[in-house]
Amino acid sequence: MDMITIPAVNLTPILPEIILSVLAMALLLINVFVQSSKKTYLSYISFIGVVGTAVLVGSGWGTHIESFSGAVVQDNFATFFKMIFLLAAGLAILIADQYMEREDCNHGELYPLILFTVVGMMLMAAGTDLMTIFLGLEVMSVSLYVLAGFNRANTKSNEAGLKYFLLGAFSTGFLLYGMALTYGATGSTRISVIATQAGQMGMSSGNILFLAGMLLILTGFCFKIAVVPFHMWTPDVYEGAPTPMTAFMSAGPKAAGFAAALRLLLIAFPTLQADWSQLLWVLAVLTMTVGNITALRQDNIKRILAYSSIAHAGYALVGMAAGNSTGTAGILFYMLSYTFMNIGAFAVIILVGKKGESNGNVQDFAGLGFKHPMLAVAMTIFLFSLSGMPPTAGFIGKFYLFSGAIQKGYIWLAVIGVLNSAASVYYYLRVMVYMYMKDPTEDFAWTKVSAPIALCLVLSVAGTMVLGIVPSIILQYAQEAIKLI
Amino acid sequence: MLGAYLPILLLVIVAIAFGLVSLTFSSLIGPKKKSALKLSPYESGCEPVGTARDRFSIKFYLIAMLFILFDIEAVFLYPWAILYKKLGVFGLVEMGLFIVILFVGYIYVWKKGALEWE
Amino acid sequence: MFDNVWLIPLFPLIGFLINGFFGKKIKNEAVIGGIGTLMIFLSFIVSCGILMQMIGLPAEQRVFEKVVFPWIHSGNLKVDMAFLLDPLSCVMIMVVTGVGTLIHLYSIGYMHGEEGFYRFFAYLNLFCMSMLLLVLGNNMLVMFIGWEGVGLCSYLLIGYYFHKKSAGDAAKKAFVMNRVGDFGFLIGMFTLFWWFGSNHNIWTINFTEIKAASHLLPYGGVVTVATLCFFLGATGKSAQLPLYTWLPDAMEGPTPVSALIHAATMVTAGVYMIGRMSFVFIKSPETMMVVAVIGAATAIFAATIGTAQNDIKRVLAYSTVSQLGFMFLAMGVGAFTAGIFHLMTHAFFKACLFLGSGSVIHSMHHALHHAHSHDDAQDMRNMGGLKSAMPITFITFLVSTIAIAGIPGFSGFFSKDEILWQAFSNPFHGQLNMVLWGVGAIAACFTAFYMFRLVFMTFFGECRITPKAKGHLHESPLVITIPLMVLGLLAVVGGYIGLPKLIGDMLGGIPNYFEHWLEPVFAQAHEYSTQYAHAGGHHSHSLEWGLMGLSVVIALIGITIAFTLYIKNTELPGKFTATFPALHRAVYNKWYMDELYDFAIVNPCKALGRFLWKGFDVVVIDGIVNGVANVVLGFSGIFRFIQSGLIGNYAWSMAFGVVVILGYYVFK
């Protein structure tokens, strides 16, 4: 009897994914077997797990290992993004417990779900096969749908979960269709093979099948990273989801979308660069403008940050449209910076907010600067960074993104980006005006700042400032990471 | 070329024939006691007439979902069983892992109380 | 040791972080003050190690650059966070950390019981860090961070008693005037960067690289522009004409701050900066002349004002302005070593004087407080006869006064006399030399006069406070007097490392250590100076001896006048004032400089500001901005309307997007 030959499998590239999956399953079981209403210990375990995984991932820096016949790879690009995901997850775990406790929805499933999301995101970043990427995307998305609707007792959270799920499923259809068309055109789902096939057969924009495949795949990712006109879910979902999960969603999955999209566009579809570059040019302008302009009129701080996150996706698209090393390294740097500053801002929102998701309007920040100066200073730093002012991470990130565009010759794109940044200052500053220039409307009864949230704030402030003052220490890694692409 | 599909064609014919024949015979042979309840269309034990926006107990969905989950996972066992010998130890280990993961889910569901009706 | 140079600014930074973030929680003054003092002391130890190592090296190897991390690499601009160790920065870190440690120690006693004790130490540490960055930076940008940082700390510390309006105003004044100067610094930096880059493709702001390329610089021309801009920066930071008026007002801050920031370290940053870039400044004879003239003018101008002030700290403030003038005079006549030497000795004796005045004020305040008197504790007219009550303060104060007055044997004599001699004999300014020397000598006379007036009014004669309060006068605790004694000692002996050659030869060939030490730093500048210096700068030894004797006589004259007026014949000052009321009023009111500034600059600026605000901003700018904003907000409303919340609409929008994108690309 002839045996089926099993290809040699090297598990090293997916070791982090395996560890996190096992940990998540273990946590699921611990959660049901240990009878305890407090779930804090689960957050500690998962945090330690995330840190340990980060050490493992970090130790793989500089290596290049392919496995599963080239469906998964461990390279610097994947490593850099995996670190971002782990950072986002770690910070989200730190801020989750106190919030979930307050909102009476501290179910232990939260932490396994976060870990599964990370596994999905990691597969997206490490996947070099359309199937792997799709698998990762689904693992990530399904977990996120649940996380968005995690606060079962809150109708807004339910709405968020359902909306995200329905629209997400819809967009997945496009993505999968695009993958199918690409497979049809090139006969492979392997990214490297797609590229060689396209190169050999001279497939460029003339080949409708190939072009449509690329466009549909791009559309699918555009949904995940909230690009206009596929962004409509963002404000509703971000507002409704539990705040720590909003923080996580805005940083991690967005970065994962960029990771997969970058790998695909730059490796599989370089022959179509003229087309996607042009398309991204338009989408970047639309995204930045719509995101920023709509944010101007919002009062709910979570909605403001939701629109701001759309705008930030637009800034990152500027770097992707440029597609050169400066712009691409800029995206990597920006995603890391955004993780720090956005999760930090959400941590402050959690502390200002009150039970039942109340106290979430800009007006509720009135007088924060006097009542809780440290918190206000931290928020100020995050907002400055989000609006892109030196000496913060946001400034440097935008600087590299826009420099990339200028190097590519997209002067106008950079100009529009800068104008958008200027407009965005309005709604960020508005929060600061309330914090420092208005008297508090009522006496605050402060929820105590728990140690994990404090740690998250310290890390976020440190990250935002260090990246802003000495960007070169991270930038050199970002530049290393994109060398393979 | 098309000859390869001949067994399928035969299968389809046999299936249709079986259905037609059995229905015909049962209507011919069986006794007929008509009642309002018996004449109403069958709808899974539910009231067939009324508003279509009626609410079901969520427990149905839960059970249905769990059923589909484990049912579909069980489907994967068939191709593996057919190729069991060719896949060898590797296949066994892989399927073992697969079952373990399923089992974790099963324990979780069980302990969570999702299998209890009340 | 050199490799550990980054520790020097790091320690105070740690101190700042600890006290800044946790000081409020720590509460315990001993811990807070201890941490602050310990951190700067650790820096001092590292600095000592570096000094020792540098002394062990041959002169030509005494330059070391340490890149801590690459900082800004953008296009042609490459800036590292890097430190430069050479004999000059070595002197500066020794002064900053040494005097800094003593003043930190002093502050523990002086600030005892003050509200915001932790805030004070946090700022003080932050200041030390900034100052160390300033003197250690190997490029202009790192120096500029320090430059701005010390300005910020100065602002924070002047406004330490922020609930007092005068303190707040003084802080703002200092900040604004410094900003005017900083503007000059930046322009100067850009000019040099641009000139080297566009003409020689050398894009750098690194001092060593500029030095290496400095032979490319022309004499005058663009160098004059750049150096004048830098000098504008120096006038702001070092309180020279015309940007000096903030320094006397800065006395609103606590006294240790005045001693550390507004006497010993920060205000000397301008002098240091010129020393650091001596090879650029020397290439512009015009700038050198401007520096010398401004320095001499400030020296005499501030000295005259100092003669009529009654607030003990104000006298010292004007004295500082005047002494800084002497340093700039030295820089302007190419005597860089002498300028830095005076910077160092001045740091010793002026810090000692300020701390001594602080000790006096402390004691006075205490006494007046017990007597329920509301008299001003800083007004010398309320003092007198304190020498018996406060012997240690008195002796250290007297020693430092003798030093600043320029009596032979004390540190101030050696440095000041060197400056005056160089002003007289330098080969750069021709006939102007006589004027520079004359002005400097008269300023020295005034210095001796007002300093001894201060001593006589404070420590001698009858005590002018109520007898009840008098009983409460007491010597300050050890934590205050120890720094006084150390600084007093340094004020005496600090000058001997820089003996003039003339005296050294006489004493059996003791070399001028200080000059040899700094020689490699300024060698380049001296080489350039030979290009245009006048020949025949030779003067006989007898002339030098003569001038030295003359300056001693001048100092003695000043002291004698002070003695006559304030000890022997105390009615005379009143008579003098009555005879020349206008003159006294003018001097007492600081030559009406503040009023002049208000009239000539501040008020027109305010008027312009008001016009721009009411006339231009409100009508034109706001009109445009609000118009744009309204349009944008209108769009925002439309987008918000589209965001209906209905999932069907969202899905339609996505489908629409896909159709448009696909349609465009497929049918294009």
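For clarity, every value in this text was computed on a predicted model and none was experimentally measured.

1. Some thoughts on the overall build of chain C
Phase 1 of the analysis: In terms of regular secondary structure, chain C is built from 27 helices and two strands.
Phase 2 of the analysis: Out of the 668 residues in chain C, the part that is buried amounts to 52%.
Phase 3 of the analysis: Excluding contacts between residues fewer than 6 apart, the proportion of contacts in chain C whose partners are at least 24 apart in sequence is 81%.

2. Looking at the interface of chain C and chain A
Phase 1 of the analysis: Chain C puts 25 residues into the contact, and the matching count from chain A is 29 residues.
Phase 2 of the analysis: At the level of elements, strand S1 (64-74), helix H26 (593-642) and helix H27 (647-667) of chain C are the ones that each hand at least two residues to the side of chain C that touches chain A.
Phase 3 of the analysis: Broken down by element, the residue count for the side of chain C that touches chain A peaks at twelve residues, all from H27(C).
Phase 4 of the analysis: For the side of chain C that touches chain A, the residue count by class is 17 nonpolar, seven polar and one charged.

3. As for the interface of chain A and chain B
Phase 1 of the analysis: Of the residues lining the interface, nine residues belong to chain A; the matching set on chain B comes to eleven residues.
Phase 2 of the analysis: Along the lines of polarity and charge, the residues of the side of chain A that touches chain B split into nine nonpolar, no polar and no charged.

4. What about the confidence of the model for chain C?
For any part of a model where pLDDT is low, the fine detail of the predicted coordinates should not be relied upon.
Phase 1 of the analysis: Averaged over all residues, the pLDDT of chain C equals 82, while 96% of them reach at least 70.
Phase 2 of the analysis: Scored as a whole, the predicted complex attains pTM 0.66, and scored at its interfaces, ipTM 0.87.

5. Some words on helix H6 (residues 155-186) of chain A
Phase 1 of the analysis: The end-to-end C-alpha distance of H6(A) is 46 Å, a good match for the 46 Å that 32 residues give at a rise of 1.5 Å each.
Phase 2 of the analysis: Trailing H6(A) by a residue or two, Gly187(A) shows a phi angle of about 80°, which is positive.

6. Structural notes on the UniProt feature "transmembrane region" (unreviewed entry) in chain B
Residue and element names in this part refer to chain B.
Phase 1 of the analysis: Per the UniProt record, "transmembrane region" (unreviewed entry) is found at residues 6-29, 60-81 and 87-109.
Phase 2 of the analysis: A helix fraction of 95% and a strand fraction of 0% characterise residues 60-81, whose end C-alpha atoms lie 32 Å from each other.
Phase 3 of the analysis: Split by type, residues 87-109 is 100% helix and 0% strand. Its first and last C-alpha atoms lie 31 Å apart.

7. Section: the nonpolar core
Phase 1 of the analysis: Grouped together as the largest cluster of nonpolar side chains are 218 residues, with contacts concentrated most on Leu132(C), Leu329(C), Ala351(C), Phe452(C) and Leu487(C).
Phase 2 of the analysis: Beyond its immediate stretch of four places on either side in the chain, Leu487(C) contacts Leu102(C), Phe348(C), Ala351(C), Cys352(C) and Leu355(C).
Phase 3 of the analysis: Val119(A), Ile304(A), Ala321(A) and Cys456(A) belong to the second-largest nonpolar core, a separate cluster that totals 196 residues.

8. Focus on the confidence of the model for chain B
Phase 1 of the analysis: Taken over all residues, the pLDDT of chain B has a mean of 85, while the share at 70 or more is 99%.
Phase 2 of the analysis: Taken element by element, the predicted model of chain B shows its lowest mean pLDDT in helix H2 (residues 36-39) of chain B (78) and its highest in helix H1 (residues 6-29) of chain B (92).

Criteria and thresholds
Residues numbered from 1 in each chain as written. Chains lettered and ligands numbered in written order. Predicted model: local features only at pLDDT ≥ 70, side-chain atom pairs only at ≥ 80, totals over all residues. Helix = DSSP H or I, 4+ residues; strand = E, 2+ residues; numbered from the N terminus. Buried ≥ 20, exposed ≤ 12 C-beta atoms within 10 Å, placed from the backbone. Contact = placed C-beta atoms within 7 Å. Nonpolar A, V, L, I, M, F, W, Y, C, P; charged D, E, K, R; others polar. pLDDT = per-residue confidence, 0-100. Expected span 1.5 Å × (residues − 1). UniProt positions renumbered as here; feature names shortened; annotations may be inferred. Core = buried A, V, L, I, M, F, W, Y, C linked by C-beta atoms within 7 Å.

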